[in-house]
Amino acid sequence: MKQLKDTPNLSSRIPLKGLEIETVIEIRKLFNEGKKFPLAFEEYLSIGGESEATGMVFEWDDFEQLREDCEESLEYTGYKMDRPYFVFDQLDAIYSIFFLDEDKEDPNVYILDPSGAYEGNEPFLKDVKYTFSKMINDAIYRKLNNIPL
């Protein structure tokens, strides 16, 4: 998250701002049984977790809604997740997640697409060969170079 920390003016309209530790603790309680998240995500929350200055959705108060939407989509399509996971972004009915049971400081990012799998067009779970910090660094690069996400 060094690149994020070193680029505080990513957005002209939204300043980069981290969450207070009390809020991070609350998010841990809601989504990870009170345990710390992987280091890269913890750092993201503390550096820029209060706004979407990276151009990604990652607003802390949307995590509950993202999880609810994902669970509804899973229920509707009949799919289940057998591992603990965290939903941090959504585009249409496709969710970006990382698993909470992986022992990695920088978790792998996966795409969860229950609707695409249900319709037979896409795999249910896709490893995009990205880590969370790589995704943030790419978002920063795109933002700084006016490349649409």
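Coordinates for the structure precede this section.
Bear in mind the structure is a predicted one, so any value in this text is a computation, not a measurement.

Conventions used here
- All residue numbers refer to positions counted from 1 along the written sequence of the respective chain.
- Residue-level local features of this predicted model are given only where pLDDT is at least 70; pairs of side-chain atoms are given and counted only at 80 or more, and the full residue set underlies all totals for whole chains, interfaces and linings.
- Side-chain descriptors were evaluated using all non-hydrogen atoms of the structure, hydrogens and water having been removed beforehand.
- Under the scheme used here, helices are H or I runs from DSSP no shorter than 4 residues and strands are E runs no shorter than 2 residues, and both carry numbers assigned from the N terminus.
- The classification of residues rests on relative accessible area computed with a 1.4 Å probe and restricted to protein chains. Under 20% of the type maximum is buried, over 50% is exposed, and intermediate values are partly exposed.
- Working definition of accessibility: Shrake-Rupley area with a 1.4 Å probe, residue cover restricted to the visible protein chains.
- By convention in these notes, a salt bridge is any Lys or Arg side-chain nitrogen within 4 Å of a carboxyl oxygen on Asp or Glu.
- Axis geometry follows a simple rule: fit a line to the C-alpha atoms, using only the stretch in contact for helices, then measure angles between N-to-C directions, giving values from 0 to 180 degrees.
- Note on angle classes: values under 35 degrees are labelled roughly parallel, values over 145 roughly antiparallel, values of 65 to 115 roughly perpendicular, and the remainder oblique.
- Crossings are assigned a handedness: left-handed for a near helix turned anticlockwise from the far helix by less than a right angle, right-handed for a clockwise turn.
- By definition in these notes, contact holds between two residues if any of their heavy atoms fall within 4.5 Å.
- For this analysis, a nonpolar core means a set of buried residues of the types Ala, Val, Leu, Ile, Met, Phe, Trp, Tyr and Cys, connected via side-chain atoms within 4.5 Å.
- Note on aromatic contacts: the rings of Phe and Tyr and the six-membered ring of Trp form a pair at centre separations within 6.5 Å, being stacked when their planes are under 30 degrees apart, edge-to-face when over 60 apart, and tilted otherwise.
- Two strands pair if DSSP finds at least two bridges between them.

Asks: Which parts of the structure should I look at to understand the overall build of the chain?
Replies: The secondary structure content of the chain amounts to six helices and four strands. Listed by position from the N terminus, the elements making up the chain come as α-α-α-α-β-β-β-α-β-α. Burial analysis of the chain (149 residues in total) assigns 44% to the buried set. For the chain, the computed accessible surface area is about 8600 Å², with 47% contributed by carbon and sulfur atoms.

Asks: When you look at the pattern of salt bridges in this model, what are you seeing that I'm missing?
Replies: Side-chain pairs of opposite charge can arise whenever the charged atoms involved come near each other. Counted according to the given criterion, the structure contains eight salt bridges. Between R67 and E71 there is a salt bridge whose closest N-O contact spans 3.0 Å. In this pair, R67 and E71 both sit in helix α4 (residues 63-77), four residues apart, roughly one turn of the helix. Through salt bridges that share partners, R83, D101 and E102 make up one connected network.

Asks: Explanation requested: the packing of helix α2 (residues 21-31) against α4 in the structure shown.
Replies: The packing of two helices is summarised by the inter-axis angle and the distance between the axes. In contact at an axis separation of 11 Å, α2 and α4 are set at 15° when each is read in the N-to-C sense. Taken together, α2 and α4 sit at an angle that is classed as roughly parallel. Viewed along their axes, α2 and α4 form a crossing whose handedness is right-handed. Residue-level inspection shows I27, L30 and F31 of α2 in contact with α4, the latter providing F63, E64 and R67.

Asks: How should the nonpolar core be read in this particular structure?
Replies: A general feature of soluble globular proteins is that nonpolar side chains tend to end up buried together. F37, F63, Y85, F86, I97, L112 and F132 are the most contacted members of the largest nonpolar core, which has 35 residues in total. Here this core gets five residues from one element, more than from any other, and that element is helix α3 (residues 39-48). When residues no more than four places from it in sequence are discounted, the contact partners of Y85 are R67, C70, E71, L74, I97, F98, F99, L100 and L112.

Asks: I'm lost on the packing of aromatic side chains in this one. Help?
Replies: A ring pair, where both rings are aromatic, is described by two values, the distance of the centres and the angle of the planes. Tallied over the entire structure, the rule returns 16 aromatic pairs. An angle of 85° between the planes, with centres 5.4 Å apart, marks the rings of F41 and F132 as edge-to-face. In this pair, F41 is assigned in helix α3 and F132 in helix α6 (residues 132-144), connecting sequence segments 91 residues apart. Given the relative accessible area of 0%, F41 is considered buried. Members of the aromatic cluster, each reached through a chain of ring pairs, are F31, F37, F41, Y44, F63, F86, F88, F98 and F132.

Asks: Honestly, the sheet that holds strand β4 (residues 125-131) in this entry has me stumped. Any pointers?
Replies: In a beta sheet, neighbouring strands are held together by backbone hydrogen bonds and run either parallel or antiparallel to one another. Ordered by their spatial adjacency, four strands build an open sheet running β1-β2-β3-β4, and the pairing between neighbours is antiparallel. Only two strands of the sheet have a single neighbouring strand rather than two, namely β1 (85-91) and β4. Here the average twist between neighbouring strands, direction ignored, is 30°. Inspection of the sheet shows strand β2 (residues 94-99) paired to strand β3 (residues 108-112) by three bridges, in the antiparallel sense. Looking at the pairing, I97 lines up with Y110 of β3. Lying over the sheet, α6 contacts β1, β2, β3 and β4, oriented at roughly 70° with respect to β4.

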